[in-house]
Amino acid sequence: MKRTKLIASLAAVLSASYSLEASTYSEEFLQWKEQTMTSYQQYKDERDEAFTNFLKKQWKEVDTKEGEIRDATPKPADIPIAQPKPTVIKDPLPLVQLPTQVKPPKEKPVSERSRAELPRAELPRAELPRAELPQAEMPTTEVPQIKEPPVIHPEVEKPLADLPTIDFPVAEAPSSTEPIIVKEPTSDKVPSKALPEPFAPPIVEVPKVHTPPVAVKKPKEKQKPKYTGKKYTFDFFGRKTTVYADKNLAKGLGYTYNSKTIAKGWSDLSLAEYDSVLEQLSTISKEHNLGDWGRVQLAFAFTKKLYPSNLNNQSFASWFLLVKQDYQARLAYNDKGIYLLIPAEQSLYEVTFFTFGGKRFYAVSPDGKSRDLGRVFTYDGEYPRAIEPVSMKDHLAFSDETNYKQRNFKFTFQKQKHQITLNVNPSRVNYLSSYPQMDINEYFVSPVDLVTANDALDHFRPLLEGKSELEAVNLLLRFVQTSFEYQTDDQQFGFENYLFAEETLTMPASDCEDRSVLFAWLVKELLGLDVIGLDYPGHIAAAVLFSKPVPGDKVAWNGKKYTVTDPTYINANSGMTMPEVSAHKPKVVAIQ
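Counting of residues starts from 1 at the beginning of each chain's written sequence and follows it residue by residue. At least 70 in pLDDT is required for a residue's local features to be given in this predicted model, at least 80 for side-chain atom pairs to be given and counted, and no such filter applies to totals for whole chains, interfaces and linings, which use all residues. As a rule here, side-chain values cover all heavy atoms of the structure and leave hydrogens and water aside.

Chemist: Is there a simple way to think about the overall build of the chain in this case?
Modeler: Looking only at helices and strands, one finds twelve helices and 19 strands in the chain. Under the scheme applied here, a residue whose accessible area is under 20% of the maximum for its type counts as buried, over 50% as exposed, and between as partly exposed, the area being computed with a 1.4 Å probe on protein chains only. Looking at the chain residue by residue over its 592 residues, the buried ones come to 51%. Contacts are residue-level and defined by heavy atoms, with any inter-residue pair within 4.5 Å sufficient. Within the chain, contacts between residues at least 6 apart in sequence are counted, and of these 76% link residues at least 24 apart. For the chain, the exposed surface amounts to about 30200 Å²; the carbon and sulfur share of it is 53%. Labels follow the DSSP assignment, with helices taken as runs of H or I lasting at least four residues and strands as runs of E lasting at least two, numbered in each case from the N terminus. Accessibility throughout is a Shrake-Rupley quantity obtained with a 1.4 Å probe, and a residue counts as covered only by protein chains that appear here.

Below, the structure is given as structure tokens:
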């Protein structure tokens, strides 16, 4: 009995001793954590204070340049109708092999991807402040000595040394090895076919499936939002989106724009509680699989809600949010207003820009309009860590769509009428329409929504199975040539406007580059054949690499002969070049 009491007493003493030590340990850890967070906040404050002082002094007056014109050659106003002739092939081509389904584009291994392609979470934390910006030293704090300290490595931002300036080359018109035009005769024994009527009905809603009624459950209590602050709900390409934010983020600049008012505006926003907003924007971006341009558009959408009727404040707040997300965004101003500038990795056309250190900074606006800025004041320097350019690559943004819209198409091939219906992603189409104009190769390589892609495979499968490569390519040519009305961009939009493949599927009319992009995607995705783009003055077409030689016009490129396929030349089969451009040697647009 005594022994039992002795053991119990000893256990109580040890327990009390352990509790005291654990309590001391916990208190010391909390003290260390509080000191570390205080140190981190002091560094953030000093970093913003240094940048505020920088903004008061380091502005330069520069001349901006008007956006470049991609191709000033007028496009054909009227498209000729071909008189196709029968093709005699001595060595029959193989039948097409259709895939079971269209798979998402393969992502490069992280080691092979450029810095701009990496998701933000994967980016190494380059924390080198620019030489032009005065820096605040990281404050030091004494960490209490703790027995067996916990292994915890909180991420604390540290200033580093100067980062070398990277000069991004200005992209030129896509070109490669000079193509060689090869003309081959075709036989002529079959009369021409009548042109089917173009068909372009409006987009209709996909009918909803009616499900049987279910028992009504007691509604759950509304959960309190994870974030605090004022609730801002806005439309983001058809998606109802909510962000909770500190009302101090809605402070405006007023109506006077100079270095002092901009510096004060930065200071005001940096004192607001913005970290939670950045976290929410990051979460929304991941949900919708947004790339860099999508994140720019998300900042625009949110700041439009912050400042519903003030474009200058929208541009200013977007600049602040993008810089805080490590983008190399800059700001410019003149007596007319405030302008957001981004260094896009791809060339943008008809967008005002200026050049610093070999980089083009483009003036993009929340309202999507291009402006002739003239002379502006801007600065040459970066906020610490804000060194990321904006990539215009699209990695299937809005692939989480659930409400698709349908588009019906009619066309005739070999005297047989066909009708197909394709589902399109409205959020993606609206998002893609926000892109500034780029080089044509960017449209050729852009991925297509997987539901739309597999829908196309399912609808074209019964039309393509059992056909040779040549027959299958000619069927897809006829679909693109005759399912859409032909209109130039000036006729349809009033300005030059290249369309992505999914945009073309929703438009009643299209022109040569739009049709070539759509056709090339169909051939690559459905038939698995290699395709290149052909860039003539004022005209875009395509060319296909068949397994075996076929008669007709060809382009020799990289040691291979590609057969000309023109999705704009109505009723033309493979091997037929549109007469209006036959005298020109096209530039080759590689499609990887």
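Chemist: Looking at this structure, I do not really get helix H9 (residues 469–482). What am I missing?
Modeler: Each α-helix turn comprises 3.6 residues. Residues three or four places apart therefore point the same way. Over its 14 residues, H9 extends 20 Å from the first C-alpha to the last, a length consistent with the 20 Å expected when each residue adds 1.5 Å. Counting buried positions along H9 gives 13 out of 14 residues, so the element sits mostly inside the fold. Expected helix span is computed as 1.5 Å times (number of residues minus one).

Chemist: Just checking my understanding: could you explain the nonpolar core for this structure?
Modeler: Taken as a class, soluble globular proteins show a tendency for nonpolar side chains to be buried jointly. We call a set of buried Ala, Val, Leu, Ile, Met, Phe, Trp, Tyr and Cys residues a nonpolar core when their side-chain atoms join them within 4.5 Å. One finds Trp319, Phe460 and Leu527 to be the most contacted residues of the largest nonpolar core, which totals 116 residues. It is helix H12 (residues 512–527) that contributes the most residues to this core, ten residues altogether. When near neighbours in sequence (up to four residues on either side) are disregarded, Trp319 contacts Phe51, Leu55, Ile262, Trp266, Ala329, Arg330, Leu331, Leu340 and Tyr379. Of all hydrophobic cores here, the second largest spans 19 residues; its members include Leu534, Tyr536, Tyr569 and Ile570.

Chemist: I would appreciate a short explanation of the sheet that holds strand S9 (residues 359–364) in the present structure.
Modeler: Strand pairing in a sheet is mediated by backbone hydrogen bonds. Such pairs are either parallel or antiparallel. Strand pairing follows a simple DSSP-based rule, namely that at least 2 bridges must link the two strands. Pairing in this open sheet of six strands is antiparallel, and the strands run S1-S10-S6-S7-S9-S8 from one edge to the other. The outermost strands of the open sheet, each flanked by one partner alone, are strand S1 (59–63) and strand S8 (353–356). Neighbour to neighbour, the strand axes of the sheet diverge by 35° on average, direction disregarded. Of the strand pairs in this sheet, S8 and S9 are connected by four bridges, and their pairing is antiparallel. Counterpart to Thr355 in the pairing with S9 is Arg360. Its contacts with the sheet put helix H5 (residues 311–324) on strand S6 (330–334), strand S7 (337–342) and strand S10 (375–379), and the angle it makes with S7 is roughly 35°. Axis definition: a line fitted to C-alpha atoms, over the contacting stretch in the case of helices. Angles run 0 to 180 degrees between N-to-C directions.

Chemist: Help me understand the environment of Asn258, please; the structure alone is not making it clear to me.
Modeler: Examined against the element boundaries, Asn258 turns out to sit in the loop between strand S5 (239–245) and helix H2 (259–271). Using a relative accessible area of 27% as the deciding quantity, one classes Asn258 as partly exposed. Separated by 79 residues in the primary sequence, Asn258 and Gly337 have C-alpha atoms spaced 9.9 Å apart. By the criterion applied in these results, polar contacts are pairs of N or O atoms within 3.5 Å in which, for protein atoms, one can donate a hydrogen and the other can accept it, and in which residues neighboring in sequence qualify only through two side-chain atoms. In this structure the side chain of Asn258 is engaged in a polar contact, spanning 2.9 Å, whose partner is the backbone nitrogen of Thr261.

Chemist: Could you clarify how one ought to interpret the environment of Leu269 in this entry?
Modeler: Along the polypeptide, Leu269 turns up in helix H2. For Leu269, a relative accessible area of 1% puts it in the buried group. Residues Leu269 and Phe320 lie 51 residues apart in sequence; the distance between their C-alpha atoms is 7.8 Å. Among residues more than four places away in sequence, those in contact with Leu269 are Asn248, Leu249, Lys251, Tyr274, Tyr307, Phe316, Ala317 and Phe320.

Chemist: It is not clear to me how the side chain of Arg360 should be interpreted in this structure. Could you clarify?
Modeler: Mapped onto the elements of the fold, Arg360 is located in strand S9. On the basis of relative accessible area, Arg360 is assigned to the buried category, the value being 16%. At 2.9 Å, the side chain of Arg360 and the side chain of Glu68 are in polar contact.

So far we have only geometry, and geometry alone does not tell us how the molecule works.
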